[in-house]
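# Coordinates in review
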Amino acid sequence: MTGRPGVDRPDHRGRIHLDRAGRDLDRNPDVVVRDVALTSQGWHVLRRTTFDFRRRDGRWETQQRETYDRGNGAVVLPYDTERGCVLLTRQFRYPAYVNDHPNGMLIEAAAGLLDADDPPSAIRREAAEELGVTLGPLTHVLDAYMSPGSVTERLHFFAAPYTPADRTGAGGGLEEDGEDIEVLELPFAEALVMTRDGRIIDGKTVLLLQWAALNGPFARS
């Protein structure tokens, strides 16, 4: 079969023309995209983009940036104000492990990629798969680019109430995706302390717990 997978013909995930992302961008007159090179397309996509950038003093210069495209995602903090609890996960994260985390086992809010879903639908799906919980009404907290220097992902943050009766499944994630997720139901006060003493160091989780304390369901009036 001729042609480059992901460029001239579909790759292993059925994707094609992956090198075209960004070529037609014109929202910023100080940026002109010149070339996009596909450098890797495993499960996610790595590109090297060459563009002209007009500096604040008016000079144009040519720059290159690599971007890691894993799609957009959503994250949720389920909370039970009556019992003062939140639902979190614990799972192995190799990137953290290889970068000095003691064992790679991170405590996090449940999250996942949107895939073809809208953010509310995606996070309800992830909550069922990872936590075994059916979420109540969703509160949209914020959207954020978590690592804008290299990763294209925009993450949609949510919070939602739950009760013990809403825990209708075992959770744990999808084994076929390599997931082995432990469900943690923690007192909110303890989870908040864990962000201060280093037991919780995942950025999205720290953001949601701080929001819950300052402006969310556990904020003091």
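On a predicted model such as this, the values are computed, not experimentally measured, just so you know.

## Looking at the overall build of the protein
Each helix and strand counted, the protein has 4 helices and 10 strands in total. Reading the helices (α) and strands (β) of the protein from amino to carboxyl end gives β-β-β-β-β-α-β-β-α-β-β-β-α-α. Seen through its C-alpha atoms, the protein measures out along the principal axes to roughly 55 × 50 × 35 Å. Out of the 221 residues belonging to the protein, those deemed buried represent 38%. Look at the contacts in the protein between residues 6 or more apart in sequence, and 52% of them connect residues 24 or more apart. If you sum the accessible surface of the protein, you get close to 12800 Å²; carbon and sulfur atoms cover 49% of it. Counting 27 positive and 35 negative side-chain charges, the protein places the centres of these two groups 7 Å from one another.

## Details of the pattern of salt bridges
Evaluation of the coordinates by the stated rule reveals 23 salt bridges. The residue glutamate 108 makes a salt bridge to arginine 93 at a minimum N-O spacing of 2.7 Å. Here arginine 93 lies in the loop between β5 (85-92) and α1 (94-98) and glutamate 108 lies in strand β6 (residues 105-108), a separation of 15 residues in the sequence. The exposure class of arginine 93 is partly exposed, given its relative accessible area of 32%. Salt-bridge contacts for arginine 125 lead to glutamate 126; the nearest nitrogen and oxygen are separated by 3.1 Å. The class of glutamate 126 is buried, set by a relative accessible area of 8%. Among the charged side chains, a salt-bridge network with shared partners connects Asp80, Arg83, Arg167 and Glu185.

## Thoughts on the sheet that holds strand β3 (residues 60-69)
Strand order in the open sheet formed by 3 strands is β1-β2-β3, and the pairing between neighbours is antiparallel. The sheet is open, and its two edges are formed by β1 (31-41) and β3, each paired on a single side. On average, each strand axis in the sheet is inclined to that of its neighbour by 20 degrees, with strand direction left out of account. Here 10 bridges tie strand β2 (residues 45-54) to β3, and the two strands are oriented antiparallel to one another.

## Notes on the pairing of β5
Sheet faces and side chains relate simply in a regular strand, where the side chains alternate between the two faces. β5 sits mainly inside the fold: 6 of its 8 residues count as buried. Pairing of strand β4 (residues 73-80) with β5 involves 2 bridges; the strand directions are antiparallel. Paired with tyrosine 79 across the two strands is valine 86, which belongs to β5. The antiparallel hairpin formed by β4 and β5 contains 4 residues in its connecting segment, where glycine 84 sits at a positive phi of about 70 degrees. Relative to strand β10 (residues 182-187), β5 runs antiparallel, the two being bridged by 6 bridges.

## Let's talk about the packing of helix α3 (residues 188-197) against helix α4 (residues 203-214)
Running from N to C, α3 and α4 point in directions that differ by 130 degrees, and their axes come no closer than 10 Å. By the criterion of interaxial angle, the relationship of α3 to α4 is oblique. Relative to α4, α3 is oriented so that their crossing is left-handed. Of α4, the residues touching α3 (which contributes Phe188, Ala191, Leu192 and Thr195) are Val206, Leu209, Gln210, Ala212 and Ala213. Across the contact of α3 with α4, the residue classes tally to 7 nonpolar, 2 polar and no charged.

## Here's the deal with the nonpolar core
One recurring pattern in soluble globular proteins: nonpolar side chains tend to sit buried together. Core analysis: the largest hydrophobic core is formed by 26 residues, its most contacted members being Val86, Leu88 and Phe188. Put simply, the parts of the chain that give this core at least two residues each are β4, β5, β8 (139-145), β9 (154-161), β10, α3 and α4. Looking at which element gives the most residues to this core, the answer is α4, with 5 residues. Within the second largest apolar cluster, 15 residues are counted, among which are Ala74, Val76, Leu87 and Leu135.

## Some thoughts on the pairing of β2
Pairing analysis gives 9 bridges linking β1 to β2, with the strands arranged antiparallel. Paired with valine 33 across the strands is phenylalanine 51, a residue of β2. Counting the residues in the hairpin turn of β1 and β2 gives 3 residues. Count of turn residues in the β2/β3 antiparallel hairpin: 5 residues, of which glycine 58 carries a positive phi of about 95 degrees.

Reading the values: the criteria
Residues numbered from 1 in each chain as written. Predicted model: local features only at pLDDT ≥ 70, side-chain atom pairs only at ≥ 80, totals over all residues. Heavy atoms only, no water. Helix = DSSP H or I, 4+ residues; strand = E, 2+ residues; numbered from the N terminus. Buried < 20%, exposed > 50% of the residue type's maximum accessible area, 1.4 Å probe, protein only. Contact = heavy atoms within 4.5 Å. Areas by Shrake-Rupley, 256 points an atom, 1.4 Å probe, with all protein chains shown as cover. Lys, Arg positive; Asp, Glu negative; His and termini not counted. Charge placed at Lys NZ, Arg CZ, Asp CG, Glu CD. Salt bridge = Lys/Arg side-chain N within 4 Å of Asp/Glu carboxyl O. Pairing = 2+ DSSP bridges. Axes fitted to C-alpha atoms, helices over the stretch in contact; angles between N-to-C directions. Parallel < 35°, antiparallel > 145°, perpendicular 65-115°, else oblique. Left-handed = near helix turned anticlockwise from the far one by under 90°. Nonpolar A, V, L, I, M, F, W, Y, C, P; charged D, E, K, R; others polar. Core = buried A, V, L, I, M, F, W, Y, C linked by side-chain atoms within 4.5 Å.

All we've got here are geometric facts, nothing functional implied.
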